[in-house]
Amino acid sequence: MTETRRLLKNLGARLSSGARDAVSRKQMPIVPPDNVAGRAMVLVIAIMTFLSCLTLGAVTLVRDTAATWQTQIAREATIQIKPEEGLDMTAALAQARDIAASYSGVLDASIVDAQATARLLEPWLGTGLDIDSLPVPRLVIVTIDPLSRPDFAGMRAELQETVANATLDDHRTWVDRLVAMARTTVTIGMSALVLMLSATALTVIFATRGAMAGNGHIIEVLHFVGAEAPFIASQFRRHFLLAGMKGAAAGGIGAILVFIGFYWWSSRNMATPEADQATALFGNFAIGPSGYIGVGAIVIVIAVLTAATTHVTVLSYLKSVDSTHPDSM
Amino acid sequence: MGPEILRDVSFHLPERSFQFLSGPSGAGKTTLLRLLFMSLKPTRGLITIFGKDRSAITRTELPLLRRNIGVVFQDFRLLDHLTTYENVALPLRVRGREEATYRSDVIELLKWVGLGERMHVLPPILSGGEKQRAAIARALIEQPRILLADEPTGNVDPQLARRLLRLLIELNRLGTAVVIATHDLGLMDQVDARRMVLSGGRLEIYD
């Protein structure tokens, strides 16, 4: 260049300081920062990330809630004593409680008193109920140490032998059903998540390729001015990684805001019938740390996927540019 | 495979040579330039570029060899989102050079081709002639060993065409081999140079 430079200098080309200042502005990126296809890609990535994160959140919620239900139910057993003519209910309840409490693995045994029983029946029989005038079965709640469960078979046999009309329900049937249901729900949720992530990956690939197609002329020009394939790929990869991160972060933040919104709603409406119903089903609507880590992981995976797709697309485009563009000059 | 465009074509482009490539439209001028630029592989025959067999040049070597070749495309191939200055500086930028090391060279060249006042303008605003000059400046910026120009004066007035031709001649004197594809007889008459005429897929050379 020195010779050309000298030539040009000889030809009288002189610079004005104004022109120098003007060109020292920051150069435009080789890949244009924004176009319609790029914006559409960011939007598609944001929506897909949002949906993936919601699916992940729902799976986390169901899994955690099912685990809580299971632990709660497994922590209790119930002794039921049916009333009978001539049965001293108070004595029978006390006896049943004592028998249960005598077993190791039982943390507590307490009688559901007449008032609590009346409250339990209130939704069906109304208020002001005289519980003693009705043949209502009475309950003893046995709290169990879930780590060392008592000998239920022995307790059941002793109760049947000692206390008339007493039956022991260790909730085994419920727990088994619940475990099966929770497993099914989590499996369905995980399958939905896998499908969602696959759809996201494919959408990202198509959106990236679509956005790349509009930049084919840039790749061609770079190629013709002697840019090496890794340089061209790195320009596009950087651009699309940024776009992917922007979209994925927007989707992830959107999902987190929805989680926080639900949490806020459920804590604000605590003790109202709607919230109680929701809490009974889903716990306290809180997505645990694993959920938030999952959201972060999805955002990163999607951004990396976008960059990787771009890299592969650029390289395959470069491979074809020499042979498939008959009008490229 | 399409029709055979060039047949039994054999020639040598010496270092520092200057030649016109002419012939009617569709004679294969662009195809021949593409073969020289290595953006097309011959279906048969042998091409040796800078002492290397074209068929043995790998994909990795290609960009490095292309850095010795300046090309002026018929349709300019300027990037619309980059200013004239950035377009002309592009070959230097892709070589990883810092802007400070080439800024003055690019500005000088732009001023010389008459684009000093248009260096911060985007190509869509430029006239056909200005785009042509920007494309020529981009091809010249690294003083290539060979310059291939496809109708480089096709979009400019005769006065500017003469000026651009003088620039190409100066470049040739500094050691760059020049091939100008054109069917502008007026342009060819201005220089006593080798003429390569394509017709019916065959090449005649008039030294």
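In this text, all values refer to a predicted model and were calculated from it rather than measured experimentally.

## Quick look at the UniProt feature "transmembrane region" (unreviewed entry) in chain A
Residues and elements named next belong to chain A.
Here is step 1 of the chain: Mapped onto this numbering, the UniProt entry annotates "transmembrane region" (unreviewed entry) at residues 40-62, 186-208, 240-265 and 292-318.
Here is step 2 of the chain: The distance from the first to the last C-alpha atom of residues 40-62 is 33 Å, and the span holds 100% helix and 0% strand.
Here is step 3 of the chain: Structurally, residues 292-318 comprises 100% helix and 0% strand, and the distance from its first C-alpha atom to its last is 39 Å.

## Observations regarding the sheet that holds strand β7 (residues 194-199) of chain B
Residue and element names in this part refer to chain B.
Here is step 1 of the chain: Taken in spatial order, the six strands line up as β4-β5-β6-β1-β7-β8 in an open sheet, and their pairing is mixed. Strands with a single pairing partner mark the edges of an open sheet, and in this sheet they are β4 (69-72) and β8 (202-206). Averaged over all neighbouring strand pairs, the angle between strand axes comes to 15°, with direction disregarded.
Here is step 2 of the chain: Direction of pairing for β7 relative to β8: antiparallel, over a ladder of five bridges.

## Observations regarding the layout of surface pockets
Here is step 1 of the chain: Roughly 660 Å³ of volume is contained in the second largest pocket.
Here is step 2 of the chain: Forming the walls of the second largest pocket are 29 residues, and the residues nearest its centre are P29(A), I30(A), V31(A), Q235(A) and R238(A).
Here is step 3 of the chain: Among the secondary structure elements, those contributing two or more residues to the lining of the second largest pocket are α3 (36-74) and α9 (229-268) of chain A together with α4 (99-112) of chain B.
Here is step 4 of the chain: For the lining of the second largest pocket, the element with the highest residue contribution is α9(A), accounting for eight residues.
Here is step 5 of the chain: Of the residues that constitute the lining of the second largest pocket, the class distribution is 13 nonpolar, seven polar and nine charged.

## Considerations on the pairing of strand β1 (residues 76-81) of chain A
All names here are of chain A.
Here is step 1 of the chain: Where β1 lies against strand β3 (residues 138-144), six bridges are found, and the strand directions are antiparallel. Among the inter-strand pairings, A77 is bridged to a residue of β3, identified as V142.
Here is step 2 of the chain: Relative to strand β4 (residues 166-169), β1 runs antiparallel, the two sharing four bridges. Residue pairing across strands places I79 opposite L168, the latter belonging to β4.

## Some points on the packing of aromatic side chains
The geometry of an aromatic ring pair comes down to the distance between the two centres and the angle between the two planes.
Here is step 1 of the chain: Under the definition given, this model contains six aromatic pairs over all chains.
Here is step 2 of the chain: When the centroid spacing of 6.5 Å and the interplanar angle of 80° are considered together, the rings of F259(A) and Y292(A) count as edge-to-face. Here F259(A) is found in helix α9, whereas its partner Y292(A) is found in helix α11 (residues 289-321), with 33 residues between them in sequence.
Here is step 3 of the chain: For Y292(A), a relative accessible area of 32% translates into the label partly exposed.
Here is step 4 of the chain: Seen in terms of ring centroids, F37(B) and F73(B) are 6.4 Å apart; in terms of plane orientation they differ by 85°. Their pairing is edge-to-face. Here the residue F37(B) occupies a position in helix α1 (residues 29-37), and F73(B) occupies one in the loop between β4 and α3 (84-94), the gap between them amounting to 36 residues.

What counts and what doesn't
Residue positions are given per chain, counting from 1 as you read along its sequence in written order. All chains are assigned letters beginning with A, and all ligands numbers beginning with 1, in the order in which they are written. Predicted model: local features are reported for residues with pLDDT of at least 70 only, side-chain atom pairs are reported and counted for 80 or more only, and whole-chain, interface and lining totals are derived from all residues. Only hydrogens and water are set aside; all other atoms, that is, all heavy atoms of the structure, feed into the side-chain values. UniProt positions are given in the numbering used here, feature names are shortened, and annotations may be inferred rather than shown by experiment. What counts as a helix is a DSSP run of H or I of at least four residues, what counts as a strand is a run of E of at least two, and both are numbered from the N terminus. Strand pairing requires that DSSP identify at least two bridges connecting the strands. Orientation is described by axes fitted as lines to C-alpha atoms, over the contacting stretch for helices, and by angles from 0 to 180 degrees between their N-to-C directions. Using a 1 Å grid laid over the protein atoms alone, points where a 1.4 Å probe fits but cannot get out form a cavity; open sets with protein on both sides within 12 Å along at least 5 of 7 lines form a pocket; any residue with an atom within 4 Å of a point counts as lining. Grid points are joined across faces, edges and corners, and a volume is the space filled by probe spheres set on the points. Note on residue classes: Ala, Val, Leu, Ile, Met, Phe, Trp, Tyr, Cys and Pro are nonpolar, Asp, Glu, Lys and Arg are charged, and everything else, Gly too, is polar. Note on aromatic contacts: the rings of Phe and Tyr and the six-membered ring of Trp form a pair at centre separations within 6.5 Å, being stacked when their planes are under 30 degrees apart, edge-to-face when over 60 apart, and tilted otherwise. Classification of residues uses two cut-offs on accessible area relative to the type maximum, computed with a 1.4 Å probe and protein chains only: under 20% is buried, over 50% is exposed, and between them is partly exposed.

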